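Below, each chain spelled out in residue letters.
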Amino acid sequence: MNENRCIKCGSCLRACPVLNDPTGRTFPGPRTTGVDAPRFPERLSMGTAALMCTMCHACEWACPSSLPLTRSMLLTREEMSKAVPPLEGHQRMRESVRHTGRTVDTDFREWREEGAKVLYFPGCIGLGRLPDMVRDTSRLLDELGIEHDISSKALCCGSPLLKVGALEEAEMLHRHNAEVLSSYETIITSCPGCTYHLREVYGVRVSHVVELLEGKELRSEAEGVWALQVPCHLKRGVGPWAAEGMVNALEGAGTRLSRIPDEDSCCGGGGGMLSGFPGIASSIARSKATSYRRAAVSGVITACPFCALSLRRQGLTVLDISQAIRPRR
Amino acid sequence: MRRALVIGLGAAGLMAGYMLARRGWKVTALGRGTPASAMSTGCLRSLPPERGWLEELKALFLSAGLPMSEGPRTGVTNLGTRFDCRLSPSISTWEEGSGPRSIAVLGVRGHPSLRPALAASMISSWGPRARTVPLDLEVPAEASLCPLFRDDAHLDLLVEGIQATSEDAVLLPALFSLPGIGRWKELERRSGRRLLEAVTPLGVPGQRFVEVLEQGAKRTGVEMWPGRRAVSLELDGAKVTAAEVQGGTERRTMEVDTLLLATGGALVDGVLWKGQHLEDPLSTFVMVQDGAEGGGYDHVDERLLIEGERIINAFGAGDCLAYSQGRYGDGLAHAIASAWRAVRAMEGL
């Protein structure tokens, strides 16, 4: 990338959810980690504070010069991981991957391995922490007439590992998964992080669940008025059309929505923050929860397992989109 | 219904989109990244002779709760220098002849956009008497970048600090974003004093300017597509027929009836600066290199050109367009005025 194009306007800093959180002030910020660090290697001495990034792409979205800040920060992380011992939470995650192939272990046993042409790929957080979402998504796919497998052999996509500098493990998972995925024509995901990674790094045909809903006749399953948590990796990663698709699907289904101004700001759960810096992650989630409570809604609808998990931990009722809508019969 | 695709979500693109929608066009506006106008002071330093847009712009700001004042106006920048302009938010400038004789500069520790000691000594060097009033309030280093003045405790401290002054006016850093602009009136009411917002580039005032235009555009029905850029155009002879648009991992093709490019200059990611040359990132239109006319898209009455002929249905506005540079800081006035000229040209199609 061309860091020389940085005009030092500070737009990235203003957009950063970590810098804007009272607990995140020690984060050197996207400009230092994404623009300066690659040019001035001595900046690598900033230590683990450089990892305090949720990888939400907000800085990149704001950058007037189109600098690929997220990718650049990932490269800085890779470099750093050679020099700085891993954070305890990140170490745990890597060990889990070594033992189970997933960032968190799962009790889910309702695998479907029937040779379908479509693979539903729930992702580690879905399988490990949100089995309700996995079941509801699978049911939604059935109701949409999409025959699909849920494969016990499909492991972590590797995206979280890249974010903690574990390149070898990520590469190993890629090789393993590529073989498993090769027997399917299409992959369907619940997690925008997996979607982005499978599309951009694996180069396979993959759709996030919300992308399947375009043009479908839907009805709402969610009673009352709901706010949205528009996932960072959906809107600014997979792309803004996908995020708008989520809103359109819900509005088309007749879900009553209360649109709050910061519905698309980060929940704090991405980029290895939940495991690496749980204090910052939950502080960001807490301030989001405050906004949602102020809006006095029945709960929050999202389309990302990390968002769902982070906000549920704040005591909010959170539905995945697969739990909020059904096909109209 | 006439349809327009506007590319660029800065001052020129948003103002043009707003004006087109008000004139009955169906407008889709797309763009990405923070525009240069959001880094400006949010004040117009000059008013070009053609002012068909002025009342429309003022009405828009009034309805957003940020009234603008016209005429020779004077304010104080965040560095304490004198700032003369022709149109600005009423909260940051005064009318000729009604300036304060003394100013208290309210200091918020750690707030980098207004350094009270520097500002006060600068002010004293050109006009009003000035002194600093340090507040017992500390904000984090990035505070100008994250408007934290939402909670009542901070506001109470500001009111106390303001009431402790005896000067004609109190100069404050630019603390309030557009959604929080009601807080300014609350401060004025509670303190009962004359307040002045420091004219501040790279901060809240520029963002507010863009937000007001954005609100207006949305309200008039402009379909907004943020986070996306046009990567190429399809032409049929001298007519643009389609645009390929990239957003995240996705690319879509859009039909084009009429195109308005307001993608910005080389500072932001508008026209491309390659070595010593300006290039069209869409590899379509004729460019003028930097010269007596500023560099950018060549045009005849805001209509863009391809080799040898005028494009029938593509126009330009703002910094991407070659234009005679006025004095330093005139970009915002140019953006708005050229948006108006482009709209007028499109209306005449």
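Each chain carries its own residue numbering, running from 1 in the written order of its sequence. All chains are assigned letters beginning at A, and all ligands numbers beginning at 1, according to the order in which they are written. Where local features are concerned, this predicted model is filtered to residues with pLDDT of at least 70; where side-chain atom pairs are given and counted, the filter is 80 or more; whole-chain, interface and lining totals use all residues. The basis for every side-chain value is the complete set of heavy atoms in the structure, and neither hydrogens nor water enter the calculation.

> For this particular structure, what's the right way to read the pairing of strand S4 (residues 82-89) of chain B?
Two faces belong to every sheet, and in a regular strand the side chains alternate between them. Residue and element names in this part refer to chain B. Two strands are counted as paired when DSSP detects at least two bridges linking them. Each helix is a run of DSSP H or I of at least 4 residues and each strand a run of E of at least 2, with the numbering of both proceeding from the N terminus. In this structure, strand S3 (residues 68-76) lies alongside S4, joined through seven bridges in antiparallel fashion. If you follow Ser 69 over to S4, its bridge partner there is Ser 88. Where S3 hands over to S4, the hairpin turn is made up of five residues, of which Gly 80 adopts a positive phi near 90 degrees.

> I tried to follow the packing of helix H1 (residues 11-22) of chain B against helix H7 (residues 331-347) of chain B on my own but got confused; where do I start?
Two quantities define a packed helix pair, namely the angle between the helix axes and the distance between the axes. Residue and element names in this part refer to chain B. Here, axes are lines fitted to C-alpha atoms. For helices the fit covers the stretch in contact, and angles between N-to-C directions go from 0 to 180 degrees. Contact geometry for H1 and H7: axes closest at 8 Å, N-to-C directions at 35 degrees. When the axes of H1 and H7 are compared, the crossing they make is right-handed. Contact residues: Ala 11, Ala 12, Met 15, Ala 16, Met 19 and Leu 20 in H1; Leu 332, Ala 335, Ile 336, Ala 339, Trp 340, Val 343 and Met 346 in H7. Each crossing gets its handedness from the near helix: less than a right angle anticlockwise from the far helix is left-handed, clockwise is right-handed. Every residue pair with non-hydrogen atoms within 4.5 Å of one another is taken to be in contact.

> What's the story with the packing of aromatic side chains in this structure? I'm lost.
The geometry of an aromatic ring pair comes down to the distance between the two centres and the angle between the two planes. Pairing of aromatic rings covers Phe, Tyr and the six-membered ring of Trp, with a centre-to-centre limit of 6.5 Å; geometry is then stacked below 30 degrees between planes, edge-to-face above 60, and tilted otherwise. This model, assessed by the stated rule, comprises five aromatic pairs over all chains. An angle of 75 degrees between the planes, with centres 5.3 Å apart, marks the rings of A:Phe108 and A:Trp111 as edge-to-face. Type-normalised accessible area, obtained with a 1.4 Å probe on protein chains alone, sets the label of each residue: buried when under 20%, exposed when over 50%, and partly exposed for intermediate values. You can call A:Phe108 buried: its relative accessible area is 4%. Placement of a positive charge over a ring is assigned whenever Lys NZ or Arg CZ falls within 6 Å of the ring centre and within 35 degrees of the normal to the ring plane. Across the ring face of B:Phe83, the terminal group of B:Arg45 is positioned such that the distance to the ring centre comes to 4.3 Å. Across the ring face of A:Trp241, the terminal group of B:Arg228 is positioned such that the distance to the ring centre comes to 4.9 Å.

> Sorry if this is basic, but what is going on with the interface of chain B and chain A here?
Often the size quoted for an interface is simply the accessible area lost on bringing the parts together. If you look at the interface, chain B gives 28 residues, while chain A gives 27 residues. Of the roughly 2,300 Å² buried between chain B and chain A on both sides combined, carbon and sulfur atoms contribute 52%. Whenever Lys or Arg places a side-chain nitrogen within 4 Å of a carboxyl oxygen from Asp or Glu, that contact is recorded as a salt bridge. Here chain B and chain A share three salt bridges between them. B:Asp269 serves as the salt-bridge partner of A:Arg5, at 3.5 Å between the closest nitrogen and oxygen. Nitrogen and oxygen atoms within 3.5 Å of one another constitute a polar contact, given that in protein one can donate a hydrogen and the other can accept it, and given that sequence-neighbouring residues count only through two side-chain atoms. Viewed at the interface, chain A and chain B are joined by 13 residue pairs in polar contact (both at pLDDT 80 or more). Of all the elements in the fold, those that place two or more residues in the side of chain B that touches chain A are strand S10 (223-226), strand S12 (239-247) and strand S13 (250-255) of chain B. Here the quantity called buried area is the total loss of accessible area, with a 1.4 Å probe, experienced by two parts when brought into contact, counted for both.

> What is the right way to read the domain arrangement of chain A from this model?
Residues and elements named next belong to chain A. Source of the domain bounds: an automatic or database domain assignment. Here chain A is described as being made up of domain 1 (3-83), domain 2 (118-212) and domain 3 (218-327). Relative placement of domain 2 and domain 3: their C-alpha centres are 20 Å apart. The partner domain 3 presents 24 residues to the 24 residues of domain 2 that form the contact. Counting each side, the surface lost to burial between domain 2 and domain 3 is near 2,100 Å², with a carbon and sulfur contribution of 70%. When residues of domain 2 are sorted by the area they lose upon contact with domain 3, Ile 125, Pro 192 and Val 210 head the list and together hold 26% of the total. On inspection of domain 2 and its partner domain 3, the count reaches two salt bridges. Where the side of domain 2 that touches domain 3 is concerned, the elements lending two or more residues are helix H6 (124-129), helix H7 (131-143), helix H10 (192-202) and helix H11 (209-212). The element that contributes the greatest number of residues to the side of domain 2 that touches domain 3 is H7, accounting for seven residues.

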